[in-house]
Amino acid sequence: FGHCNVPAKYPGNPSLGHWCHNMRNAYKQIRKGMKQTQYKLSQERIERLEKIGFQWQVVDYDESFEKRRDELMAFKEEFGH
């Protein structure tokens, strides 16, 4: 089976990546109690997306942290700070 972890900048289908990014932002606004202005993401639509395994957050913060830490160490080694 596949997954629904479409990144915002998905080269295989940029418009799908952009749409997923917009849905995630709309969901964040809902969770923060903010009023949506552009995307009408109803509870019914949220449930439909969740039913097919849509990921509201696709960033793996542990992986991202390790990558950035390694980059920081390389910077420190290069510039001696």
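Structure shown above.
Computed from a predicted structure; not experimentally measured. (Residues numbered from 1 in each chain as written. Predicted model: local features only at pLDDT ≥ 70, side-chain atom pairs only at ≥ 80, totals over all residues. Heavy atoms only, no water.)

Brief notes about the overall build of the protein
Rules: Segments assigned H or I by DSSP are reported as helices when at least four residues long, segments assigned E as strands when at least two residues long, and all are numbered from the N terminus. Burial here depends on accessible area, computed with a 1.4 Å probe over protein chains only, as a share of the maximum for the residue type. Under 20% is buried, over 50% is exposed, and the range in between is partly exposed. Only heavy atoms enter the contact rule, under which two residues are in contact if any of them lie within 4.5 Å. Areas reported here follow the Shrake-Rupley algorithm with a probe of radius 1.4 Å; residue values treat only the protein chains shown as occluding.
Tallying secondary structure elements over the protein gives three helices and zero strands in all. Ordered by position from N to C terminus, the α and β elements of the protein give α-α-α. When its C-alpha atoms are laid out on the principal axes, the protein stretches across 55 × 35 × 20 Å. Looking at the 81 residues of the protein, the share that counts as buried comes to 19%. Residue pairs in contact within the protein that sit at least 24 positions apart in sequence constitute 35% of those at least 6 positions apart. Per element, the accessible surface of the protein, about 7100 Å² overall, is 54% carbon and sulfur.

Observations concerning the environment of Glu-50
Structurally, Glu-50 can be placed in helix H2 (residues 43-51). For Glu-50, a relative accessible area of 38% corresponds to the partly exposed category. C-alpha of Glu-50 to C-alpha of Cys-4: the two residues are 46 residues apart in sequence and 9.6 Å apart in space. Ignoring anything within four residues of it in the chain, the contact list for Glu-50 reads Tyr-27 and Trp-56.

Quick look at the pattern of salt bridges
The following threshold applies: We define a salt bridge as a contact between a side-chain nitrogen of Lys or Arg and a carboxyl oxygen of Asp or Glu at a distance within 4 Å.
Summed over the entire model, instances satisfying the criterion amount to four salt bridges. Between Glu-71 and Arg-68 there is a salt bridge, with the nearest N and O atoms lying 2.7 Å from each other. With a gap of three residues between them, Glu-71 and Arg-68 both fall in helix H3 (residues 61-79), about one helical turn apart. Judged by relative accessible area, which is 35%, Glu-71 ranks as partly exposed. In this structure, Asp-70 and Arg-69 form a salt bridge, with 4.0 Å as the shortest nitrogen-oxygen distance. For Asp-70, a relative accessible area of 46% gives the class partly exposed. Arg-69 sits in the partly exposed class, given a relative accessible area of 39%. Taken together, the shared-partner salt bridges in this structure form one network comprising Lys-67, Arg-68 and Glu-71.

Digging into helix H1 (residues 14-31)
Cut-off, in case you're wondering: Expected helix span is given by 1.5 Å per residue-to-residue step, counting one fewer step than there are residues.
With 18 residues, H1 should cover 26 Å at 1.5 Å per step; its first-to-last C-alpha distance of 26 Å lies within 8% of that length. By the burial criterion, the buried members of H1 are Gly-17, Cys-20, Asn-22, Met-23, Arg-24, Ala-26 and Tyr-27. In this structure, the buried residues of H1 make contact with H2.

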